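Structural features, examined
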Amino acid sequence: TSRLHRLILLFSMCGLFWLFAALHVRDAAILLSVTSLSYVWIRFLEKPEIQNIVLLVGATVFTFAFIGLFRAEFLFVPLAMLFAGLAAILMFSKFRGTRKVIIYILGLIGFVIMGVLYLNFQGELFSSLVGGYQAYREVAADGSSDSLGMALIVNQPILLRLILGSAYLYIFPIPFWSGIDLGTAYHLFKSYNALFFYALIPLMALSFLIIVRDRAVRTPSLMFLMFIMIGFTLAIAGTSLEGRHLGAFLVPFLVLVLLPDLTLKKYRHTYKILLVIFLFVVVMLHLTWLVIKL
C-alpha cells in the first residue's frame, strides 16, 4: 500500500507529465505506447505463458509498425526493449529443467527476429537517429551557441557526451529557476521538473544500492526495467539531449524506484543521507554557474 501511494504521488508530481498533458499531446501518445509495451514485457517476464508470449509478440510488432509515426527517432524503441528483455531473461531467470530450455529457445528466436528486423530497417533507423541528432544540434546551436551546455556537453566527443549528457538530462535546467523568467508554460514545467528530479534521483540511487547488495531482488522483470532506463537515458544523451524525450520512458523509472521500502527506518535514513549529498552537489553546480556567469 505504501508503494502504491508513492507511485500515485510520483505520477501526480512529475513536471514532464504535466507538460505532456498541457502542451505535448504527441509525447503523451508516445508515453502511452512505451508504457503499454513495458507492461506487456513485465507481464511476460513474470508469467512466461503462451498467452503472454502471443500478446508480447503482437504488441512488439504493432509498436514497431506505428511508433515511428509519432517520432521517427523512436523507431528503435521496440528493438531496444526486445534486447533488454532477452538479456534480462538470459542473465537473471531462475527457471530450471524444461522451462529453462523453453526460455532459451524463445530467447534465440527473439534474437533472430531482432536481427531480421534490424537488417530490414537499419537504413531507416540509422537515418532517423542521425537526422534527429543533427536537427536538435542545429536548434540548440541557433538558440544558445555560447551556452555552457553547448560547450561542456553538446560539442564534446560521444563518450563524454554520453556520461555528462546522462547526468544533464536529470538536472536540467541549470539554474533551475531559468524557466520562470522565460514566460512560457513549457519552460516553467521543465524548471519545476528539475525540482521533482532532485527528490527522485537519491531514491533511484538507493534502488541501485539495493540491487547491487541483494541478489534476491534481481529478477528478470526488475532488471528489465533497469536495463531500459539506463539504455534509453544513454540513447537520448547521445542524440537529442532533450529532457522532454526522457519523459516517454519515465514510468519504468518510477516503478523501479518503488523498490526501497520507505516504511523501514534504515531505508528512510539512507535516503535522507543520499538526498543531502545530492542537494549539496546541486548547490555547488548552481554556485559554479553563478561564478562563471557573473
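These numbers were taken from a predicted model, which means no experiment stands behind them. (Residues numbered from 1 in each chain as written. Predicted model: local features only at pLDDT ≥ 70, side-chain atom pairs only at ≥ 80, totals over all residues. Heavy atoms only, no water.)

**Here we look at the overall build of the protein**
Within the protein, the regular secondary structure consists of 13 helices and 0 strands. Sequence-ordered secondary structure for the protein, helices as α and strands as β, is α-α-α-α-α-α-α-α-α-α-α-α-α. Here the protein holds 294 residues, and 44% of them are scored as buried. Partitioning the contacts of the protein with sequence separation of at least 6, the portion at a separation of at least 24 is 76%. Counting every atom, the protein has about 15500 Å² of accessible surface; 73% of that belongs to carbon and sulfur. (Helix = DSSP H or I, 4+ residues; strand = E, 2+ residues; numbered from the N terminus. Buried < 20%, exposed > 50% of the residue type's maximum accessible area, 1.4 Å probe, protein only. Contact = heavy atoms within 4.5 Å. Areas by Shrake-Rupley, 256 points an atom, 1.4 Å probe, with all protein chains shown as cover.)

**A few points about the environment of Tyr267**
Relative to the helices and strands, Tyr267 is located in helix α13 (residues 265-293). Taking the C-alpha atoms as reference points, Tyr267 and Leu206, 61 residues apart in sequence, are found 8.0 Å from one another. Setting aside chain neighbours within four positions, we find Tyr267 in contact with Leu206, Ile210, Asp261 and Leu262.

**Examining the side chain of Glu242**
Looking at the secondary structure, you find Glu242 in the loop between α10 (220-238) and α11 (243-246). When sequence neighbours within four positions are dropped, the list of residues in contact with Glu242 reads Leu169, Tyr186, Lys190 and Ile236.

**As for the confidence of the model for the protein**
Averaged over all residues, the pLDDT of the protein is 82; the fraction at 70 or higher stands at 81%. When mean pLDDT is taken per element in the protein, helix α12 (residues 250-256) scores highest with 93 and helix α7 (residues 148-154) scores lowest with 60. (pLDDT = per-residue confidence, 0-100.)

**So, the side chain of Lys190**
Relative to the elements of secondary structure, Lys190 occurs in helix α9 (residues 185-213). For Lys190, a relative accessible area of 9% gives the class buried.

**As for helix α1 (residues 2-13)**
Helix length check: α1 (12 residues) gives 16 Å between terminal C-alpha atoms against 16 Å at 1.5 Å per residue, within 8%. Those residues of α1 hidden inside the fold are in contact with α9 and α12. (Expected span 1.5 Å × (residues − 1).)

**Comments concerning the packing of helix α8 (residues 158-171) against α10**
Viewed as axis vectors pointing N to C, α8 and α10 meet at an angle of 110°, and their least axial separation amounts to 8 Å. Here α10 runs roughly perpendicular to α8, going by the angle between their axes. The interaxial crossing formed by α8 with α10 has right-handed handedness. Between α8 and α10, the residues in contact are Ile158, Arg161, Leu162, Gly165, Ser166, Leu169 and Tyr170 and Met229, Thr233, Leu234, Ile236, Ala237 and Gly238, respectively. Its residues assigned to classes, the contact of α8 with α10 shows 8 nonpolar, 4 polar and 1 charged. (Axes fitted to C-alpha atoms, helices over the stretch in contact; angles between N-to-C directions. Parallel < 35°, antiparallel > 145°, perpendicular 65-115°, else oblique. Left-handed = near helix turned anticlockwise from the far one by under 90°. Nonpolar A, V, L, I, M, F, W, Y, C, P; charged D, E, K, R; others polar.)

**Focus on the packing of helix α2 (residues 15-22) against α9**
It is the contact of α2 with α9, at a shortest axis distance of 7 Å, that shows an interaxial angle of 155°. As far as their axial angle goes, α9 and α2 are roughly antiparallel. Residues Gly15, Leu16, Trp18, Leu19 and Ala22 of α2 form the contact with α9, whose participating residues are Tyr186, Phe189, Lys190, Tyr192, Asn193 and Phe197. Counted by class, the contact of α2 with α9 contains 8 nonpolar, 2 polar and 1 charged residues.

**Digging into unusual backbone geometry**
In the segment running from Phe172 into Pro173, the intervening peptide bond is cis, with an omega of 0°. Looking at where Pro173 falls in the secondary structure, it is placed in the loop between α8 and α9.

**Description of the pattern of salt bridges**
Taken as a whole, this structure holds 2 salt bridges when the rule is applied. When the shortest N-O distance is used, the salt bridge between Arg244 and Asp27 registers 2.8 Å. Of the two residues, Arg244 sits in helix α11 while Asp27 sits in helix α3 (residues 25-46), which places them 217 residues apart along the sequence. Arg244 gets classed as buried once you look at its relative accessible area, which sits at 9%. (Salt bridge = Lys/Arg side-chain N within 4 Å of Asp/Glu carboxyl O.)

**Concerning α3**
When the terminal C-alpha atoms of α3 are compared, their 31 Å separation across 22 residues agrees well with the 32 Å that a helix rising 1.5 Å per residue should span. All of the buried residues in α3 are Asp27, Ile30, Leu31, Ser33, Val34, Leu37, Ser38, Val40, Trp41, Phe44 and Leu45. Those residues of α3 that are buried are in contact with α2, α4 (50-70), α5 (77-92), α10, α11 and α12.

**As for a nonpolar patch on the surface**
Among the surface-exposed residues, Ile273, Ile277, Phe280, Val281, Val283, Met284, Leu285 and Leu287 lie close enough to one another that they form a single nonpolar patch of about 680 Å² accessible area. With respect to the helices, strands and loops of the structure, Met284 is situated in helix α13. (Patch = residues over 30% accessible without salt bridge, like charges linked within 9 Å, V, L, I, M, F, W, Y side chains within 5 Å.)

**Topic: the packing of aromatic side chains**
This structure, assessed with the given rule, holds 18 aromatic pairs. With 5.2 Å between their ring centres and 55° between their planes, Tyr168 and Phe172 make a pair best called tilted. Both rings, one in Phe176 and one in Trp177, keep their centres 5.3 Å apart while their planes meet at 80°; by these two values the pair is edge-to-face. Its relative accessible area of 27% is what places Phe176 among the partly exposed residues. On the basis of relative accessibility, which here comes to 32%, the residue Trp177 falls in the partly exposed class. Here the aromatic cluster, defined as three or more aromatic residues joined through ring pairs, consists of Phe176, Trp177, Tyr198, Phe278 and Trp289. (Phe/Tyr/Trp six-rings, centres within 6.5 Å; stacked < 30°, edge-to-face > 60°.)

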